[in-house]
Amino acid sequence: MLDISFGEFVLIGVVALVVLGPERLPTVARTVGALVARAQRFVATVKADIHQQANLSGLDSLRQDLQDAAHTFRGQLEAEVNEVRQAVDGHAAEARALADEAAGPLFEAERTIHQSLHPEAEAAEAPAAAEAAAPRDENQLDLFDDLPPHHPPASQPSASQARE
């Protein structure tokens, strides 16, 4: 604090005792102690305020740096997202075009497959069309006109498979 040694404090105390006297010395000592304590608190408060201001200015610059970095990162991220969206839209358009191109041959293949799976339907349609075209005699009794076409039953499980 100050460059005053212990001996110099003793000398000041003896002079104060001689000048002030033993009755007023304790009161003056308490007053001086209170003033010194108040001065120390004031100095500590000023130091704390100075440190706080220095930290705030440092934190302020740090906050500004973080905000700048966040804005830069956001801009880069938005640019990347837009590029990805454009690429996905392009690929989707290509996929739609390919699907439209493939729809015709797929429809033709589906029709061919269905025709080959149900040949009896075609065979049943051919005689029915031929009968519809032929003239019909109203006096003739035909017992088999209203019968549904005969379809072979689906593979039925054998007796051994049914038990299992």
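My aim in this report is to walk through the structure given alongside it, one point at a time. Predicted model only: the values in this text are computed from it and were never measured.

With respect to the overall build of the protein
- From N to C terminus, the protein includes four helices and zero strands.
- Starting at the N terminus and walking to the C terminus, you meet the elements of the protein as α-α-α-α.
- Looking at the protein residue by residue over its 164 residues, the buried ones come to 1%.
- For the protein, the accessible area works out to roughly 14,900 Å², and carbon and sulfur atoms hold 63% of it.

Quick look at helix H1 (residues 6–20)
- End to end, H1 covers 21 Å across 15 residues, agreeing with the expected 21 Å (1.5 Å per residue, within 8%).
- In the segment just after H1, Gly21 is the residue with positive phi, at about 95°.

Thoughts on the pattern of salt bridges
- A complete count under the given rule lists three salt bridges for this structure.
- Put simply, Glu78 and Arg74 hold a salt bridge, and the shortest N to O gap is 3.3 Å. Placement of both Glu78 and Arg74 in helix H2 (residues 25–117) is noted, with a separation of four residues, approximately one turn of the helix.
- The class for Arg74 is exposed, based on a relative accessible area of 52%.
- A salt bridge links Arg111 to Glu108; the nearest nitrogen and oxygen atoms lie 2.7 Å apart. In this pair, Arg111 and Glu108 are both assigned in helix H2, three residues apart and thus about one turn of the helix distant.

Quick look at the environment of Glu8
- Residue placement: Glu8 occurs in helix H1.
- A distance of 3.1 Å separates the side chain of Glu8 from the backbone nitrogen of Ser5, its partner in a polar contact.

Calculation notes
Residues numbered from 1 in each chain as written. Predicted model: local features only at pLDDT ≥ 70, side-chain atom pairs only at ≥ 80, totals over all residues. Heavy atoms only, no water. Helix = DSSP H or I, 4+ residues; strand = E, 2+ residues; numbered from the N terminus. Buried < 20%, exposed > 50% of the residue type's maximum accessible area, 1.4 Å probe, protein only. Areas by Shrake-Rupley, 256 points an atom, 1.4 Å probe, with all protein chains shown as cover. Expected span 1.5 Å × (residues − 1). Salt bridge = Lys/Arg side-chain N within 4 Å of Asp/Glu carboxyl O. Polar contact = N/O pair within 3.5 Å; in protein donor to acceptor, adjacent residues only side chain to side chain.

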